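Structural characterization, general
Here are the chains, one letter per residue:
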Amino acid sequence: MAENLLEVKNLKKYFPVKAGVFKRTVAHVKAVDDISFAVKQGETLGLVGESGCGKSTTGRTILRLLEATEGEVVFEGKNIMELDKNEMRAIRRDMQIIFQDPYASLNPRMTVADIVGEPIDIHKLAKNKKERNQKVEEILENVGLGAEYMNRYPHEFSGGQRQRIGVARALAVDPKLIIADEPVSALDVSVQAQVVNLLQDLQQEYGLTYLFIAHDLSVVKHISDRVAVMYLGKIVELTDKKELYDNPLHPYTQSLLSAIPEADPKKKKDRIVLEGDVPSPVDPPSGCRFHPRCPKAFDLCPVKEPEFKEYGDGHFAACHLLEKE
Ligand code: SF4
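Analysis parameters
Here, residues in each chain are numbered from 1, in the same order as that chain's written sequence. Two thresholds apply to this predicted model, a pLDDT of at least 70 for residue-level local features and 80 or more for giving and counting side-chain atom pairs, whereas whole-chain, interface and lining totals are computed over all residues. The basis for every side-chain value is the complete set of non-hydrogen atoms in the structure, without hydrogens or water. Only buried residues count toward a nonpolar core. Its members are Ala, Val, Leu, Ile, Met, Phe, Trp, Tyr and Cys residues joined through side-chain atoms within 4.5 Å. The buried label applies to any residue whose accessible area, calculated with a 1.4 Å probe on protein chains only, is under 20% of its type's maximum; exposed applies above 50%, and partly exposed to all values in between. Runs of H or I in DSSP of at least four residues are treated as helices and runs of E of at least two as strands, each being numbered from the N terminus. The criterion used for residue contact is that any of the two residues' heavy atoms lie within 4.5 Å. For two strands to be treated as a pair, DSSP must find no fewer than two bridges joining them. UniProt positions are given in the numbering used here, feature names are shortened, and annotations may be inferred rather than shown by experiment. Here a cavity denotes a set of grid points, spaced 1 Å apart and computed over the protein atoms alone, in which a 1.4 Å probe fits but from which it cannot get out, and a pocket denotes an open set meeting protein on both sides within 12 Å along at least five of seven lines; residues with an atom within 4 Å of a point are reported as lining. Grid points are joined across faces, edges and corners, and a volume is the space filled by probe spheres set on the points. The convention used is that axes are lines fitted to C-alpha atoms, helices contributing only their stretch in contact, and that angles between N-to-C directions extend from 0 to 180 degrees. For classification, angles of less than 35 degrees are called roughly parallel, those exceeding 145 degrees roughly antiparallel, those between 65 and 115 degrees roughly perpendicular, and all remaining angles oblique. Note on convention: the crossing is left-handed when the near helix lies turned anticlockwise from the far helix by less than a right angle, right-handed when the turn is clockwise. The residue classification treats Ala, Val, Leu, Ile, Met, Phe, Trp, Tyr, Cys and Pro as nonpolar and Asp, Glu, Lys and Arg as charged. All others, Gly included, are polar. Only four residue types enter the charge count: Lys and Arg as positive, Asp and Glu as negative, with His and the chain ends excluded. Salt bridge, as applied in this entry: a Lys or Arg side-chain nitrogen positioned within 4 Å of an Asp or Glu carboxyl oxygen. Two N or O atoms form a polar contact when they lie within 3.5 Å of each other; inside protein one atom must be a possible hydrogen donor and the other a possible acceptor, and for residues adjacent in sequence the pair counts only when both atoms belong to side chains.

1. So, the nonpolar core
With 58 residues, the main nonpolar core has Phe212 and Leu217 as its most contacted residues. Top contributing element to this core by residue count: helix H6 (residues 189–206), with six residues. When neighbours within four sequence positions are excluded, Phe212 is seen to be in contact with Thr44, Leu45, Gly46, Leu47, Ala180, Pro183, Val196, Leu199, Val219, Val220 and Ile223. Judged by nonpolar contacts, the second largest core, of 30 residues, contains Ile35, Leu47, Met88 and Leu177.

2. Regarding the sheet that holds strand S4 (residues 70–75)
Pairing within the open sheet is antiparallel, and its four strands lie in the order S2-S1-S4-S5. Bordering the open sheet on either side are strand S2 (24–40) and strand S5 (78–79), each of which pairs with just one other strand. Sheet topology places strand S1 (residues 4–19) next to S4; five bridges connect them, and they run antiparallel. When the bridges of S4 are listed, Lys9 appears paired with Glu72.

3. Here's the deal with the UniProt feature "domain: ABC transporter" (unreviewed entry) in the protein chain
When the UniProt feature table is mapped to this numbering, "domain: ABC transporter" (unreviewed entry) covers residues 6–257. Annotated as residues 6–257, this span is 37% helix and 29% strand, and its ends, taken at the C-alpha atoms, are 27 Å apart.

4. Quick look at the layout of surface pockets
Taken as a whole, the largest pocket encloses approximately 390 Å³ of empty space. Along the wall of the largest pocket there are 15 residues; nearest its centre are Arg92, Met95, Gln96, Ile97 and Pro119. Broken down by secondary-structure element, the contributors of at least two residues to the lining of the largest pocket are helix H2 (85–92), strand S6 (95–98), helix H3 (112–122) and helix H5 (159–171).

5. Quick notes on the packing of H5 against H6
Contact geometry of H5 with H6 gives a least axis separation of 10 Å together with a crossing angle of 20°. Between H5 and H6, the crossing angle belongs to the class labelled roughly parallel. For the pair H5 and H6, the crossing hand works out as right-handed. Here H5 contributes Gly160, Gln163, Arg164, Val167 and Leu171 to the contact with H6, which in turn contributes Val191, Gln194, Val195, Leu198, Leu199, Leu202 and Tyr206. In terms of residue class, the contact of H5 with H6 is made up of eight nonpolar, three polar and one charged.

6. Notes on the side chain of Lys13
For Lys13, the position within the fold is in strand S1. Despite its burial, Lys13 remains without a salt bridge, the nearest opposite charge being carried by Glu67 at 7.5 Å. Separated by 2.6 Å, the side chain of Lys13 and the backbone oxygen of Glu67 make a polar contact.

7. A few points about helix H1 (residues 55–62)
In terms of burial, H1 is largely enclosed, as six of its eight residues are buried. Among all positions in H1, only Lys55, Thr57, Thr58, Gly59, Thr61 and Ile62 are buried. Positive backbone phi, approximately 60°, marks Arg64, located one or two places after H1.

8. Focus on H3
An α-helix turns once per 3.6 residues; consequently, residues spaced three or four apart project the same way. Among the residues of H3, Val112, Ala113, Ile115, Val116, Gly117, Pro119 and Ile120 are the ones counted as buried. Along its buried surface, H3 packs onto helix H4 (129–142) and H5.

Next comes the structure, spelled out in structure tokens:
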């Protein structure tokens, strides 16, 4: 069995809410609230949930683009939360991120050669400019953009091509882990599959491990080996992809799956429509955070928080109903 490349242990990220003339902290947004999971070497773990559930904050906290409130992030056996700036800089080479918005994440005043070459310069991975440009050219070809694009600027590209530049920039330093933060959400549906396929091909070629963040289960279905479902700062279910799609245990996962259109009319399923909006993470509901919207909630749900437990081989979920069965 593959070893864990990344382990996230009891991670919390709270943002203070300030108010009044003295800007005192009056509450906290509990964006990520005590989550634990691991990503195995070479796998893709999909992290899915509605917007505001904490999935992007999780990705950024793992990379220490945001500092965690509590918890550990263990990368290759080392708790990176304890590293100083210099040690962290070295680790950053191994952990890269691809952002959601290919429009906003590329500097419009830099050429493609400089955008992709910048991390090579920062980490001193080329002896001179010629060697650096050769590397850039090679990476651009691997992401489906030829050397002829080297001296062009981001505005000259389509959304899909810009995301390919973002992927090339992440690959430039030969990372081990890529956190892909909704990498296809801003793209046309017709282009999404091309970028997902590209990421899959690159995974094989470069031996990459992915944490793939998305807001719906249909996007991660193709690429993930396992999937974690997040709701209001908590992971509510985590298992193997096939198991999740065939046998979802948590009512929230069941509702997300019911929203995916089915191409085969024989497999048509009833849509589970959730009542209300996602509650505020400043004051999350008591007990099970999903209880105000859960179609299966019962008297214990608002009172006690369900434990995140294993119900079958590697299939984890947090729901009182499962404890009853
Ligand atoms: Fe629904 Fe209760 Fe299970 Fe929460 S614990 S998901 S409210 S049945």
